[in-house]
Amino acid sequence: MMESGVPLCQLCGESVGSSPSGEVFVACLGCNYPLCQSCLDYTIDGGRSSCPRCETPYDHHEKTMADSKKEPDRELTMETYLENDQIWKNRVESWKEKKNKKTKSSAKKVPKESNIPMEQQMEEQVFPEATQPLSRTVPIASNKITPYRIVIVMRLIILGLFFHYRITNPVDSAYGLWLTSIICEVWFAISWVLDQFPKWYPVERETYIDTLSARYEREGQPCELAAVDFFVSTVDPLKEPPLITANTVLSILAADYPVEKVSCYVSDDGSAMLTFESLAETSEFARKWVPFCKKYLIEPRAPEFYFSQKIDYLKDKVQPSFVKERRAMKRDYEEYKVRVNALVAKAQKTPDEGWTMQDGTPWPGNNPRDHPGMIQVFLGHSGAHDIEGNELPRLVYVSREKRPGYQHHKKAGAMNALVRVSAILTNAPYILNLDCDHYVNNSKAVREGMCFMMDPQVGRDVCYVQFPQRFDGIDRSDRYANRNTVFFDVNMKGLDGIQGPVYVGTGCMFNRQALYGYGPPSLPTLPKDSSCSFCCCCCRPKKPSKDKTEIYRDSKREDLNAAIFNLGEIDNYDEHERSLLISQLSFEKTFGLSSVFIESTLMEYGGVAESSNPSTLIKEAIHVISCGYEEKTEWGKEIGWIYGSVTEDILTGFKMQCRGWRSIYCMPLRPAFKGSAPINLSDRLHQVLRWALGSVEIFLSRHCPLWYGFGGGRLKWLQRLAYINTIVYPFTSLPLIAYCSLPAICLLTGKFIIPTVRHASSPLKAILKHLWNSMTVHIFPLSLYRNSFVKPKPIFSATFSLTKELTNLASLWFLGLFISIILTSVLELRWSGVGIEELWRNEQFWVIGGVSAHLFAVFQGFLKMAAGLDTNFTVTAKASDDAEFGELYVFKWTTLLIPPTTLLVVNLVGVVAGFSDALNSGYEAWGPLFGKVFFAMWVILHLYPFLKGLMGRQNRTPTIVVLWSVLLASVFSLLWVKVDPFLSKTNGTMATQSCNSIDC
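- Under an unreviewed UniProt entry, the name given to the protein chain is Cellulose synthase, and the source organism is Acorus calamus.
- Looking at the protein chain in UniProt, the text filed under Catalytic activity (unreviewed entry) is "[(1->4)-beta-D-glucosyl](n) + UDP-alpha-D-glucose = [(1->4)-beta-D-glucosyl](n+1) + UDP + H(+)".
- Under the Subcellular location (unreviewed entry) heading, UniProt states for the protein chain: "Cell membrane".

As structure tokens, then:
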């Protein structure tokens, strides 16, 4: 592994080495293109005399070394009370020895004078694939993105003109309704700006996994791919079926990645023996499943989903033995399912004395709120091998200690426990976390992520690589927008062009150093004080200097309150200063009282600490998951998963990007991971409620993006807008529910939020007035058509004169606003590839969730802050029903259904009342009625999926049919009473001319 801060050669992939003076070797003084001495000599001998990047000529005669801009060693003046602990003295000695070993090994690799011919050296080191990039950023084509940006700007201008008209033209007769509508519309405009402008720079990315293999998996040499630790979290095996968790684990163990580089840690936060026993069964089945997957290269490598595919499994399978082995494997899997389901059936009723393990000892986790920490290694270097004798990836069961009186922080606390355990046992430099229901759908997903993480030019400043979420088992129409396609295919691409996507809780590969709170390597070093002691008497008196810790925090973290620093800073100190610095920054107060774990945090490229004793690793791992380990440390505050919100994912990613890191959005052609989503209306609303509640909690915390992280200046302003949008969107529920109530109020009261036209003369108005006044609707009695010789006369005539409601200028602003909204959506669909049905479903559920779950989240969040009422975390039940979309039609009543149901009923009643009032008032009332009914229908159409959710199963009478029947029957009944067909022709005509009321 190369030293911290030393780049890799772009040709051979090795460290560029150092010059005789000890500084980093630089081949090109113009652009610092990283080339080692051997590759530079080979390039010059090949006839190239200039840099391949900037074409700056090489200097052939003087092998000068460029100034690497390293700051001189800083002079630290520590307080006398700081103690040099013996542990840190030993650490300093070990660092010194390791550095000397690396220097000697690098000197052996790049000798000054070698007897081996240069051509032979380059044949052994240089490969064509080593010069190629591992990934590429693909910007959206200009013919797609430029019109999109132009329409956004036009829409912003039209929006300003629209608000100028709305504010300067109040409705005196309905001032309250007008003011409410203005406030709502202004909030909607702000929400649109927060959502729209972070999509200004959308990008796409390509990865080259073949180049990755060619560079780090050379034939005849040890594999140099980085190791990765998988984290799988589960809580309740009755809500999260063990078979689903087992499929996720099996897909991880069978991933297309070197087995010695993969470890899988399963967190059982419910301490259930069912989870433990199912993992034991899974580890046995994995001995057959993993070699089968790798032998025949099957996809996906989760057996439940592989065997349920409705495709020709013989396609592209040329091995004659495949059919036979597949049938045998399916039979083995069915037997495995029977064993696991038997464990589930057994666990339905807990014995009075608690569970007992096979050896007769009581299960330590019988009390899920009071039990010791448990760790069990099922597979790995010391575990069982597969049936062909090959090594399997490590599989570790972890259940952290829980005791009454301690705050355990739910999922975030469980993930932090896994971080510490994995650092003790394997300490892979990268971590990939998955929910228990998200299996690996693409066996090369890890390689896709490594194309960014291991890229020497890109990966140094990447804190995580986020993959999009894709789901199985969703109904074809995606009634409740479970796929979240607009978010994952539009918003996340836009964020990727700024500072990277937000962390969404699963399907994410982390840089372990970013989780430890370290800053990115590109963070500037702290300059050394330039003042000298002999001239201090000649200098003017200065203000008392700050403590070094304060200077460091102000210059590198500012208001971020981070407790630790950039790894590159360590190399700028001598051994004595390192010991003092570490004592000052209090690593033990930051990471906890575990010397083995603290040493692992300083190993940028992973690996188990050399000073650790293998025989005591499990004991140390048990220690770091004790319930009191995090007390008086920075866990959950500045390092690891951040506490304080049920949506710990948003908060964790936000803290990383405030430190200067960026993230990457990786969208392979074959989805990397797939999971399940709650397709039932009630469960879906509860899921959205939890997300919205987490956003409200962040808004009310010190980490709110409105005021947190400004001092460092490392979070780009468009990225900040995106984070602000993620925490303020629940508050849109307040103006949204008011706005959805306005059409019903207008219909019931006969008032409207738009003023009546004032007389004005203009050519455009005359044209509009002529066009609208020509729209006259006649209703004829059907009986008159029986006699073709009689010319029918209208029994009802209504002229829709919209110019009586809107001026010509206002009509232009309304029309322009609607057109700009449509154009923005169309152009967004064009560059993103999202379908129009997916966009419409997203809009519908935005209204459904806004008037239900988001509204409750706002009130619960403020109650939690004011009264300290905590909200219980509800685990979303994972679907295990074999019936296709069986959960979709299950009706579960919840209070979240009350607000949207009320809005539906009120708007439907308002439509009926509006038609009744128009019939009583005469034909002049039909023009104003048109706008009000259109407004009400906008609400009803957006709540239509909610109506379908209230229907129940498809074999029942659809509720929507009943509602529309009642509505239409009411309208036609009123028309019947109005027409009164029993009147004579002459009297009827006179009556209709002289009477415009139902009571006449």
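From this point, things continue past the structure.
### Thoughts on the overall build of the protein chain
- In terms of regular secondary structure, the protein chain is built from 32 helices and 15 strands.
- The buried share among the 1000 residues of the protein chain stands at 50%.
- Residue pairs at least 24 apart in sequence account for 79% of intrachain contacts in the protein chain once pairs closer than 6 positions are excluded.

### Thoughts on the UniProt feature "transmembrane region" (unreviewed entry) in the protein chain
- In the UniProt entry, the feature "transmembrane region" (unreviewed entry) is given for residues 727–754, 806–826, 846–867, 888–913, 925–947 and 959–977.
- Between the C-alpha atoms that bound residues 727–754 there is a distance of 32 Å. The span itself is 68% helix and 0% strand.
- The span residues 846–867 carries 91% helix and 0% strand; its end-to-end C-alpha distance comes to 29 Å.

### Side note on the confidence of the model for the protein chain
- Of the residues in the protein chain, 68% have a pLDDT of 70 or more, and the chain-wide mean is 75.
- Segment residues 758–805 is flagged for pLDDT under 50; beyond a separation of four residues in sequence, or across chains, it makes 69 contacts in the model.

### Section: helix α10 (residues 322–346)
- Between its first and last C-alpha, α10 extends 36 Å over 25 residues, near the 36 Å set by a 1.5 Å rise per residue.
- Within α10, the full set of buried residues consists of F322, R326, M329, D332, Y333, Y336, K337, V340 and L343.
- Buried residues belonging to α10 abut α7 (242–253), α8 (273–296) and α9 (303–307).

### Description of the packing of aromatic side chains
- For the structure on display, the rule yields 43 aromatic pairs.
- Seen from their ring centres, F162 and F814 are 5.2 Å apart, and the 90 degrees between their planes marks the pair as edge-to-face. Placement of the pair is F162 in helix α4 (residues 142–168) and F814 in helix α25 (residues 808–832), with a sequence separation of 652 residues.
- Judged by centre distance (5.0 Å) and plane angle (65 degrees), the ring pair of Y296 and F322 falls under edge-to-face.

### Considerations on the packing of α7 against α10
- Axis separation between α7 and α10 bottoms out at 10 Å; the angle between their running directions is 135 degrees. Between α7 and α10, the angle is such that the two are oblique. Seen from α7, the contacting residues are P242, L243, A246 and N247; seen from α10, they are Y333, Y336, K337, V340 and V344.
- Class assignment for the residues of the contact of α7 with α10 results in 7 nonpolar, 1 polar and 1 charged.

### Comments concerning the pattern of salt bridges
- Tallying each qualifying case throughout the model produces 30 salt bridges.
- E185 is the partner of R166 in a salt bridge, and the nearest nitrogen-oxygen pair spans 3.2 Å. In this pair, R166 is assigned in helix α4 and E185 in helix α5 (residues 175–196), connecting sequence segments 19 residues apart. Judged on exposure class, the residue R166 and its partner E185 are both buried.
- Among the salt bridges present, the one from E401 reaches R403, with a minimum N-O distance of 2.9 Å.
- The class of R403 is partly exposed, set by a relative accessible area of 26%.
- Each of E217, D256, K444 and R447 takes part in a single network of salt bridges with overlapping partners.

### What about the packing of α5 against helix α23 (residues 733–749)?
- At a minimum axis separation of 10 Å, α5 and α23 run at an interaxial angle of 150 degrees. Looking at the two axes, α5 sits roughly antiparallel to α23. As for how α5 packs across α23, the hand of that crossing is left-handed. Contact residues: α5 offers L177, T180, S181, C184, E185, W187 and F188, while α23 offers P735, L736, A738, Y739, L742, I745, C746 and T749.
- Among the residues making up the contact of α5 with α23, the classes are represented as 11 nonpolar, 3 polar and 1 charged.

### A closer look at the sheet that holds strand β8 (residues 439–440)
- Taken together, 3 strands build an open sheet; the order of strands is β8-β13-β10 and the sheet is mixed. Two strands in the sheet have a free side with no partner beyond their single neighbour: β8 and β10 (470–472).
- Sheet topology note: the β10/strand β13 (residues 673–676) ladder contains 3 bridges and is parallel. The residue of β13 that forms the bridge with F471 is G675.

### Quick look at the side chain of K932
- With respect to the helices and strands, the residue K932 is situated in helix α29 (residues 926–942).
- Among all residues touching K932, those that are not within four sequence positions of it are P743, C746, L747, G750, K751 and F752.

### Some points on a nonpolar patch on the surface
- Side chains of V153, I157 and L161 sit close together on the surface and give an oily, nonpolar patch of about 240 Å² of accessible area.
- With respect to the helices, strands and loops of the structure, I157 is situated in helix α4.
- Note on I157: relative accessible area 52%, which makes it exposed.

### Here we look at the side chain of E630
- Locating E630 in the fold gives a position in the loop between α19 (617–624) and α20 (648–658).
- At 2.9 Å, the side chain of E630 forms a polar contact with the side chain of R420.
- Ignoring sequence-local partners within four residues, the contact set of E630 consists of H409, N416, R420, W635 and Y643.

### Digging into the UniProt feature "binding site: Mn(2+)" (unreviewed entry) in the protein chain
- UniProt's feature table lists "binding site: Mn(2+)" (unreviewed entry) at K411 and D435, given in the numbering used throughout. A compact arrangement is adopted by the annotated residues: their sequence extent is 25 residues, whereas the largest C-alpha distance between any two is 10.4 Å.
- Within the secondary structure, K411 is located in helix α11 (residues 410–425).
- Owing to a relative accessible area of 24%, K411 belongs among the partly exposed residues under this scheme.
- Of note, D435 is situated in strand β7 (residues 430–435).

### Section: the nonpolar core
- V421, F510 and W641 are the most contacted members of the largest nonpolar core, which has 129 residues in total.
- Discounting chain neighbours no more than four positions away, the residues touching F510 are P429, Y430, I431, N433, M453, C463, Y464, Y503, L515, W641 and M656.
- One finds L243, L379, V446 and C666 within the second-largest nonpolar core, a separate group that totals 70 residues.

### Some thoughts on α5
- For α5, with 22 residues, the first-to-last C-alpha span of 31 Å sits near the 32 Å given by 1.5 Å per residue.
- Every buried residue of α5 is listed here: L177, W178, S181, I182, C184, E185, F188, A189, S191, W192, L194 and Q196.

### A look at unusual backbone geometry
- Of note, the bond from E299 into P300 is cis; its omega dihedral lies within 30 degrees of zero at -10 degrees.
- Within the fold, P300 resides in the loop between α8 and α9.
- Positioned with a positive phi, S271 is a non-glycine residue whose angle comes to about 45 degrees.
- Position of S271 among the secondary structure elements: in the loop between β4 (262–268) and α8.
- Judged by its relative accessible area of 2%, S271 is buried.

Criteria and thresholds
- Residues numbered from 1 in each chain as written.
- Predicted model: local features only at pLDDT ≥ 70, side-chain atom pairs only at ≥ 80, totals over all residues.
- Heavy atoms only, no water.
- UniProt positions renumbered as here; feature names shortened; annotations may be inferred.
- Helix = DSSP H or I, 4+ residues; strand = E, 2+ residues; numbered from the N terminus.
- Buried < 20%, exposed > 50% of the residue type's maximum accessible area, 1.4 Å probe, protein only.
- Contact = heavy atoms within 4.5 Å.
- pLDDT = per-residue confidence, 0-100.
- Expected span 1.5 Å × (residues − 1).
- Phe/Tyr/Trp six-rings, centres within 6.5 Å; stacked < 30°, edge-to-face > 60°.
- Axes fitted to C-alpha atoms, helices over the stretch in contact; angles between N-to-C directions.
- Parallel < 35°, antiparallel > 145°, perpendicular 65-115°, else oblique.
- Nonpolar A, V, L, I, M, F, W, Y, C, P; charged D, E, K, R; others polar.
- Salt bridge = Lys/Arg side-chain N within 4 Å of Asp/Glu carboxyl O.
- Left-handed = near helix turned anticlockwise from the far one by under 90°.
- Pairing = 2+ DSSP bridges.
- Patch = residues over 30% accessible without salt bridge, like charges linked within 9 Å, V, L, I, M, F, W, Y side chains within 5 Å.
- Areas by Shrake-Rupley, 256 points an atom, 1.4 Å probe, with all protein chains shown as cover.
- Polar contact = N/O pair within 3.5 Å; in protein donor to acceptor, adjacent residues only side chain to side chain.
- Core = buried A, V, L, I, M, F, W, Y, C linked by side-chain atoms within 4.5 Å.

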